[in-house]
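# Geometric and topological summary
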Amino acid sequence: MLKINTCYGKIDSDLLTRLSSIKLVAFDIDGSLTDGGIYYDNHDIELKAFNVKDGFGVVTLIKEGIECAVITGRNAKLTERRMQDLKVSHIIQGEADKGKALTKLCQSLSIEPEDAVCFGDDLNDMPMFRIAGVVVCPQDAHPFIKNHADYITTLPGGHGALRELCDLILIAKGIMTADGGFVDERY
């Protein structure tokens with residue numbers, strides 16, 4: 001199989017071809033956009049750390065007209081706040097069946113599931129994986145999930161793994177060069 005040299009190493013040309021038609025990126029939060037840590041204080045305050053690099057990737061996808069969505073099993077006000085900061089308009093929280101949520105979202109956006117990529121790290125993400133056209137997980141995902149992924153990022157969840165996926169989509173679409181720079185001087 002033909003491999004393309006990118007800033008993330010050699011990537012199968014078939015994967016890049018599949019990423020070139022992506023219209024929707026659906027991602028999990030805990031363990032995917034965060035390192036999986038949830039911090040509680042003594043006053044019912046919950047804290048999570050989000051990586052600004054992941055955020056830049058999401059913002060760039062949205063600017064390029066690619067839909068982005070959160071599909072998570074937990075409800076957290078801070079997730080909603082972070083996604084609003086990034087201008088993510090599809091925030092689905094407290095969803096037990098992520099596959100149904102992804103199917104419904106694709107229908108509402110008139111996007112075929114094969115034009116969606118999902119990004120998740122654990123067993124509760126499998127229903128999404130069964131539907132999406134491309135499946136990606138962070139380097140530290142559960143072993144079963146890694147066995148079902150089309151691509152495993154070089155980085156762990158919460159440490160730029162989603163940014164890696166975003167960059168690969170932008171490379172595949174010709175918006176970024178293979179070395180990770182933008183084709184034009186927009187940034």
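The model shown is predicted, which means the values in this text are computed figures rather than measured ones.

## A look at a nonpolar patch on the surface
Together, Tyr 39, Ile 45 and Leu 47 line one region of the surface with nonpolar side chains, adding up to about 300 Å² of accessible area. Within the secondary structure, Tyr 39 sits in strand S4 (residues 39–40).

## Here's the deal with the nonpolar core
Of all hydrophobic cores here, the largest spans 33 residues; its most connected members are Leu 19, Val 25, Phe 27, Leu 165 and Ile 169. Contributions of two or more residues to this core are made by helix H1 (13–19), strand S3 (24–27), helix H2 (52–63), strand S6 (67–71), helix H3 (77–86), strand S8 (116–119), strand S9 (134–137) and helix H7 (161–172). Per element, the largest residue contribution to this core is eight residues, and it comes from H7. The contacts of Ile 169, once residues within four sequence positions are left out, are Leu 19, Ile 22, Val 25, Leu 61, Ile 66 and Val 117. In this structure, Ala 69, Ala 101, Leu 102 and Ala 132 belong to the second largest nonpolar core, which totals 20 residues.

## A few points about the pattern of salt bridges
The final tally for this structure, using the stated rule, is 10 salt bridges. Residue Glu 46 pairs with Arg 74 through a salt bridge whose shortest N-O separation is 3.0 Å. Residue Glu 46 is located in strand S5 (residues 46–47), and its partner Arg 74 is located in the loop between S6 and H3; the two are separated by 28 residues in the primary sequence. When its relative accessible area of 28% is taken as the criterion, Arg 74 is described as partly exposed. Of the charged contacts in the structure, one is a salt bridge between Lys 98 and Asp 125, with a shortest N-O distance of 2.6 Å. In this pair, Lys 98 is assigned in helix H4 (residues 98–109) and Asp 125 in the loop between S8 and helix H5 (126–129), connecting sequence segments 27 residues apart.

## Points about the environment of Asp 184
Relative to the elements of secondary structure, Asp 184 occurs in the segment after H7. Here Asp 184 falls in the partly exposed class, since its relative accessible area comes to 38%. For the pair Asp 184 and Ile 169, spaced 15 residues apart in sequence, the C-alpha separation works out to 16 Å.

## Some points on the side chain of Thr 6
With respect to the secondary-structure elements, Thr 6 resides in strand S1 (residues 3–6). Among the polar contacts made by the side chain of Thr 6, one reaches the main-chain amide nitrogen of Tyr 8 at a distance of 3.0 Å. When near neighbours in sequence (up to four residues on either side) are disregarded, Thr 6 contacts Ile 11, Leu 168, Ile 171 and Ala 178.

## Describing H4
Relative to the 16 Å expected for 12 residues at 1.5 Å per residue, H4 spans 16 Å between its end C-alpha atoms, a close match to the ideal helical length. Of all the positions in H4, only Lys 98, Gly 99, Ala 101, Leu 102, Leu 105 and Cys 106 are classed as buried. Viewed end-on, H4 has its buried residues packed into an arc of 160 degrees, placing them on one side of the element. Those residues of H4 that are exposed and aimed more than 90 degrees away from the buried face are Lys 100, Lys 104, Gln 107 and Ser 108. Among the structural elements, S3, S6, strand S7 (90–92), S8 and H5 are those in contact with the buried residues of H4. Where H4 begins, one side-chain oxygen reaches toward the backbone nitrogen of Gly 99, 3.0 Å away; that side chain belongs to Asp 97. Phi turns positive one or two residues past the end of H4, at Ser 110, with a value near 55 degrees.

## A closer look at the packing of H2 against H7
For any two helices packed against each other, one specifies the crossing angle of their axes together with the interaxial distance. Following both chains from N to C, one finds H2 and H7 inclined at 30 degrees, their axes separated by 7 Å at the closest point. Considering their axes alone, H2 and H7 lie roughly parallel with respect to each other. Where H2 crosses over H7, the two elements pack in a sense that is left-handed. Packed against H2, whose contacting residues are Lys 53, Asp 54, Phe 56, Gly 57, Val 58, Thr 60 and Leu 61, the element H7 presents Ala 161, Leu 162, Arg 163, Cys 166, Ile 169 and Leu 170 at the interface.

How each quantity is defined
Residues numbered from 1 in each chain as written. Predicted model: local features only at pLDDT ≥ 70, side-chain atom pairs only at ≥ 80, totals over all residues. Heavy atoms only, no water. Patch = residues over 30% accessible without salt bridge, like charges linked within 9 Å, V, L, I, M, F, W, Y side chains within 5 Å. Areas by Shrake-Rupley, 256 points an atom, 1.4 Å probe, with all protein chains shown as cover. Salt bridge = Lys/Arg side-chain N within 4 Å of Asp/Glu carboxyl O. Helix = DSSP H or I, 4+ residues; strand = E, 2+ residues; numbered from the N terminus. Core = buried A, V, L, I, M, F, W, Y, C linked by side-chain atoms within 4.5 Å. Buried < 20%, exposed > 50% of the residue type's maximum accessible area, 1.4 Å probe, protein only. Contact = heavy atoms within 4.5 Å. Polar contact = N/O pair within 3.5 Å; in protein donor to acceptor, adjacent residues only side chain to side chain. Expected span 1.5 Å × (residues − 1). Arc of directions from axis to C-beta. Axes fitted to C-alpha atoms, helices over the stretch in contact; angles between N-to-C directions. Parallel < 35°, antiparallel > 145°, perpendicular 65-115°, else oblique. Left-handed = near helix turned anticlockwise from the far one by under 90°.

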